[in-house]
Structures are given as C-alpha cells and as structure tokens.
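Listed below, chain by chain, are the residues.
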Amino acid sequence: MTNPGPAPVAVRHLAIPPMDATMRTRFAPAPSGELHVGNVRTALFSWALARRHGGTFLLRVEDTDRSRVTDEAYAAALEILQWIGIDWDEGPGIGGPHAPYRQSERLAIYAEAADRLRVAGAAYPCYCTAAELAERREQARAANRPPGYDGRCRRLTADERAAFEAEGRTSVLRFWMPDGTTTWNDLVRGEITIDHANVPDFAITRSDGHPLYLLAAAVDDIAMGLTHIVRGEDLVTATPRQLALYAALGHPQDHWPAFAHLPLIIGADKAPLSKRHGEVSLAWYRSQGFLPEALANYLALLGWSPGGDREFFGEDVLLAEFDVRRVSSNPARFDIKKLEALNGDWIRSLTVEDLSSRIAPVLNDAGFTDVDLAMLLAAAPLIQIRMNRLTEAPELLHFLFIDDGAFAIEEAAATKGLGEGSEAVLRAASERLHALAEWTVELIEPAVWGIGELLGLNRKRTATPLRVAITGRMVSPPLFESMELLGRERTLRRIDRAAGIGG
RNA sequence: GUCCCCAUCGUCUAGCGGUCCAGGACAUCGCCCUUUCAAGGCGACGGCGCGGGUUCGAAUCCCGUUGGGGGCACCA
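Residues numbered from 1 in each chain as written. Chains lettered and ligands numbered in written order. Predicted model: local features only at pLDDT ≥ 70, side-chain atom pairs only at ≥ 80, totals over all residues. Heavy atoms only, no water.

A. Structural view of the overall build of chain A. Along its length, chain A carries 20 helices and 12 strands. Projected onto its principal axes, the C-alpha coordinates of chain A cover approximately 110 × 50 × 40 Å. Sequence separation of at least 24 residues holds for 77% of the intrachain contacts in chain A that already meet a minimum separation of 6. Working note: accessible area of chain A is about 23,100 Å², and carbon and sulfur atoms make up 52% of it. (Helix = DSSP H or I, 4+ residues; strand = E, 2+ residues; numbered from the N terminus. Contact = heavy atoms within 4.5 Å. Areas by Shrake-Rupley, 256 points an atom, 1.4 Å probe, with all protein chains shown as cover.)

Here you go:
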C-alpha cells in the first residue's frame, strides 16, 4: 500500500495572538561561532517585545549540529547576551517548565516526533545520497528549474527500500510538503503568501537520526508555548514548512505563534554582513571599547525607531516603547561611524565614577597594571569628552600612568614641538613653577601664560613645548589640568629633562 | 533561473493622502569657541529610483519597471 501523500492545503494563518502578559517569545541561537550583530539585534527585539508587554522571554540553544557547535561558543553566547543586558525568564542557567533548553539535551523528544511523522505518512525515508542530490540540483539549475528536492523517494515500495538498504545506503527522514499555499500575517511585513510549488520536501532528520533545524524548532516552539516568533528574514521561506510541521504534529491552528521577520543587517556595499566588512561579532565590539548601552542603542536603531527625532535612548525607552509592527522591512546597513558617535554620546553621559570603573580594565589590558584609582577618577573628566571608545583612554592617559623611567618624548613631537625657542620656555617654566606656593591649576596657568608674555610668545607657542615635555605628545588632555594631576615633582622633572634635550 | 521580500539625503531614519518646495542623526565641508585634540554652537552640501495610474491633492494608495536582499542543504 503506497502512501497517497498529504491532502492539498490552503493554510491561512492570519490571527495574531494577544500582545499582553501571556506572550512568550524566544531567541534561539546556534552557537557555532561568536554571536554577530545581526543575531544580537534579533535577540534584542524579541526580548524587548516580551518585556514591553510583560510577557515571558526564553532562550533556547539550537545546538543539534554537533559538528558546528562548541561549548566555548555556547558559553560565549550566553555571556555576550548578558553583557548587552538581555536577560531571560526561561533557559540555560535558569531552567523553567520546559527544561532542558539546549536542544542537544532534547534529542529523544525530536526522535519521538520524527517517528510519529513517519508512521503517519507525513514524512518518508529518502535514500538519495548527498552526491546525487547535488548533481540533480546542478541539473535543475542548468535547466532553469527550481533546484529543490524532486520528491523522488516519496512512494518507495518496501522492496525498493530494502534494495537501497542492501546497497548500504542510509536514509534521512524527509517531510512531505503538501500541495497548496500558505498565507500568514507577518508582524513586520504584513500578509505573505507562498505557493508550495516553491517549497520542496525537506529533511527533518539526518541519516544518523539527528534532528534537523526545522523539526527541532517546530517541536520546541509547540512544546514551549511560543506565541510570537521574531527571527531573521532569511527564514521567511521556512515559514510554510514550519506551519506544515505544526499541522502534521497536531498543533491546533489557534495556538500557532505569529511570525515577525526582521530585515537583515548588511554591509556598506549592500552585501550580507560578513568579515569582509570588518568585524561582525559582538565580542569584538566589546573588545574595541564600545559600551553595551551604545551597542544596544545602535542595534535597536537598525530597523526600529521610537519615532520622531529620538536617537539617543536606553533600554528604558526600548522596553517601554518597542513595537514590532513599527520595524522597518528593508535591510539596514551597519555603519560603525554612527555607532562610534553614539558610543561617544554614551561615554559622555556616564558619571565619572562609572566611566572610571569602565576605563580601569582597559588601562590594565593596555599594560598599566597598577593604576591609582583616585588618580583615574581625577583624570576621567579630562578625557570623557575626548573619547568615542574606551580603548582610546590608554593613549590619552599614557603620560600620567607610565613609569617615569619609561617615559619618553615621541620623536615626531620632539621635532615639531621642541623647536627653536622652546628651551627658553622650558627653563623659565621650571623656575617659576618650582616657586609656586601651591600646585593647582589656578596658580599654574597664570604662571605659564606669564612666561609667554615675558618671552613675547603667543599661547600656542608657549604651551606646545610644555605639552610635549610633559606628555611626550603633540596632542594631550588640557595642559594645566594634566600638570596638576601629574604633580609638581614629575612635571618639573620632565620639563628639566626636555630643556636639556630641546632648544 | 524561480519564489518571497524591500525601495526617502552617501548611511540610519522621521513621515503613515493635504500642516513636506520632505525633518533629525552620522559622515563630509565651512565658520565660531580655543594652549593641542576633542566636545559644543552655528551653517552648508545632499534624498522621496523610474514610468504609469487613483485622487481636488501622493514621499504616502495601486500597477508596471529597474535596482537590491533573502530562500530553493543530511546549516541554522
């Protein structure tokens, strides 16, 4: 008795579950590498959607492909999500009513589902080899036919199966896609209809029995009671398959989740974001001195806007106002310049205490291992308006935290800044500053300007030799504040030393 | 190739039929401030891809076209 195959369908999934506290959304990363900006934006939106309405957000790890997933990537993914401020109500580390939340620990559940589909005739064993499939794909492409699976193994008889197995062939379980159409009401794109003629049968298990993405995701979305699925645009054509699986698995249509397909983030040349466009992993941005607040702010802006002119906003605004139906449906280009500008705004919005605590580890990484925290606290305001990235701090504060023994004037700065006439400035400064009653900006500044007047030099020509002598650079934080921070001893020592070199 | 989706300054976007000869931000370029560099202030440059409709009226609605993106895996 051969399988007649599924009856034709005309799926119309237009209902949107209520956007209220009963909502359940998820982020389902496959930790095969570092989470990139696109993944994280999807997570951010899915999280914001649930939080906005007081619903539940869960994290599910799609790690069924053991050849691609590593424990390091898994741990890193969790960690980076936490870093940017995303928390989950159910998932790894927390548990929940549908635990476990790692698909690699739920294999038996998928195996049972796959078996049910096979017994019901909704899926069939397919004995085509990878090489055969690839070849037929090529032929189809060459003949301008759709390259998808051609349904060849749909109605194999028991004898034919036995023959294939005798040949030593292995089989995957392939889902028999019913003829017809699927229409759904996409939260960001509106009504989308796809003809199943363009949706070939697809594998739901590997030949080793391992579940594949579509199966595992469908089974879990049902089991975990998801109501709204936020994912990337790359999955829109997977939706008819997802819905067909729901139906075949017996999930009542009035419980199906709504879908929101986010536009992809692309590079400056409109090509998909990849390494070619610079780094894409979120961890890289963290290592480059970007604040989690700024990243979240920028990522939220890629495709969503709170409306009006507001662009600088935090988690509070996102969580209070995020509306998935306001998400733009066209691909957004990732612009690191804008991220940097936003990062600078965020740096400027921090208290000095907060800023200092974030700078400290960066200084440490740069080799300044025993930074005086009081000194850092005093220096932070000087550099706060001068940085767009935390990683700029070591360069800016180099003169202050470097060991005196290691301090050196950059060659270019010496050439440009310690030219003719500078020795006179340095010697006079040494003398006058030595005599100062108190080492404060209030006294240092007039003393230095007085030297300029005495020597007939403008402020720039007065300040530059001192700046170079003290900071070793042509560019530095404000001179007098820097001198005050450095202290009288160190300042005078550097001036005297430069006076010997310069002139 | 085919199916699906998309289309406002270089970029991200506001705009959801009249209040738009299109607003903001980033970038770029000037000017101001100024001891360097920034930050800040002011200003400039710059856009509704194209063609048809619908309408008294379109950036906003419809059709076509062009361009772009995505899918068509024993990846997810």
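B. How the structure looks around the pairing of strand β6 (residues 180-186). Pairing geometry for strand β1 (residues 9-13) and β6, over five bridges, is parallel. The residue of β6 that forms the bridge with His-13 is Trp-184. Hairpin geometry of β6 and strand β7 (residues 190-195) is characterised by an intervening segment of three residues between the two adjacent antiparallel strands. (Pairing = 2+ DSSP bridges.)

C. Molecular detail of the nonpolar core. Core analysis: the biggest nonpolar cluster contains 55 residues, and Ile-359, Leu-433 and Leu-466 have the highest contact counts within it. Setting aside anything within four residues of it in sequence, one finds Leu-466 in contact with Val-425, Leu-426, Ala-429, Val-448, Leu-479 and Ile-495. Within the second largest apolar cluster, 53 residues are counted, among which are Leu-78, Ile-84, Ala-260 and Phe-313. (Core = buried A, V, L, I, M, F, W, Y, C linked by side-chain atoms within 4.5 Å. Buried < 20%, exposed > 50% of the residue type's maximum accessible area, 1.4 Å probe, protein only.)

D. Main features of the sheet that holds strand β4 (residues 123-126). Spatially, three strands are ordered β4-β5-β8 in an open sheet, and the strand pairing comes out antiparallel. Every other strand in the sheet has two partners, leaving β4 and β8 (202-203) as the edge strands with one partner each.

E. Molecular detail of the sheet that holds β1. Taking strand neighbours across the sheet as the criterion, the three strands line up as β1-β6-β7 in an open arrangement whose pairing is mixed. Each end of this open sheet is capped by a strand with a single partner; those strands are β1 and β7. Strand after strand, the sheet turns through a mean of 10° between neighbouring axes, direction not considered. Relative to β7, β6 runs antiparallel, the two being bridged by six bridges. Bridging from a neighbouring strand, Trp-184 pairs with Ile-192 of β7. Where helix α7 (residues 239-248) meets the sheet, it contacts β1, β6 and β7, and its direction lies at approximately 105° from that of β6. (Axes fitted to C-alpha atoms, helices over the stretch in contact; angles between N-to-C directions.)

F. Structural detail: the pattern of salt bridges. All chains considered together, the criterion is met by 34 salt bridges. A salt bridge links Asp-220 to Arg-106; its shortest N-O distance comes to 2.9 Å. Linking Asp-220 in helix α6 (residues 213-223) with Arg-106 in the loop between α2 (71-84) and α3 (107-120), this pair joins segments that are 114 residues apart in sequence. Take Asp-220: its relative accessible area is 0%, and that puts it in the buried class. One salt-bridge network, in which partners are shared between bridges, spans Arg-26, Arg-60, Glu-62, Arg-106, Asp-220 and Asp-221. (Salt bridge = Lys/Arg side-chain N within 4 Å of Asp/Glu carboxyl O.)

G. Structural view of the packing of aromatic side chains. The tally for this structure, following the rule as stated, stands at 13 aromatic pairs. Site record: aromatic cluster; members linked through ring pairs are Trp-284, Tyr-285, Phe-290, Tyr-298 and Phe-334. Above the plane of the ring of Tyr-149 lies Arg-174, whose end atom (NZ or CZ) is 3.7 Å from the centre. Arg-286 extends its terminal NZ or CZ atom over the ring of Trp-83, reaching a point 5.4 Å from the ring centre. (Phe/Tyr/Trp six-rings, centres within 6.5 Å; stacked < 30°, edge-to-face > 60°. Lys NZ or Arg CZ within 6 Å of the ring centre and 35° of its normal.)

H. Seen up close, unusual backbone geometry. A cis amide bond links Ala-99 to the next residue, Pro-100, at an omega of 0°. The residue Pro-100 is located in the loop between α2 and α3 in this model. Of note, the phi angle at Asn-144 is positive, near 60°, even though the residue is not glycine. Relative to the helices and strands, Asn-144 is located in the loop between α4 (130-142) and α5 (158-166).

I. Quick peek at helix α16 (residues 422-434). Between the first and last C-alpha of α16 there are 18 Å, a value that for 13 residues agrees with the 18 Å anticipated at 1.5 Å per step. The complete set of buried residues in α16 reads Ser-422, Val-425, Leu-426, Ala-428, Ala-429, Ser-430 and Leu-433. (Expected span 1.5 Å × (residues − 1).)

J. Local environment of the confidence of the model for chain A. Averaged over chain A, the pLDDT score is 93; the fraction of residues at 70 or greater is 97%. Confidence estimates for the predicted assembly give a pTM of 0.94 and an ipTM of 0.95. (pLDDT = per-residue confidence, 0-100.)

K. Structural context of the packing of α16 against helix α17 (residues 441-455). It is at 10 Å that the axes of α16 and α17 come closest, and there the two elements cross at 140°. Between α16 and α17, the angle is such that the two are oblique. Of the two elements, α16 crosses α17, and the hand of that crossing is right-handed. Residue-level contacts link Ala-424, Val-425, Ala-428, Ala-429, Arg-432 and Leu-433 of α16 to Ile-444, Ala-447, Val-448, Gly-450, Ile-451, Leu-454 and Leu-455 of α17. Looking at the contact of α16 with α17 residue by residue, the class counts come to 11 nonpolar, one polar and one charged. (Parallel < 35°, antiparallel > 145°, perpendicular 65-115°, else oblique. Left-handed = near helix turned anticlockwise from the far one by under 90°. Nonpolar A, V, L, I, M, F, W, Y, C, P; charged D, E, K, R; others polar.)

L. Inspection of the environment of Met-224 at higher detail. By secondary structure assignment, the location of Met-224 is in the loop between α6 and β9 (228-232). Judged by relative accessible area, Met-224 falls into the buried class, the value being 0%. For the pair Met-224 and Asp-404, spaced 180 residues apart in the sequence, the C-alpha separation amounts to 61 Å. Those residues in contact with Met-224 that sit more than four places away from it in its chain are Arg-24, Leu-58, Arg-60, His-98, Pro-100, Tyr-101 and Arg-106.

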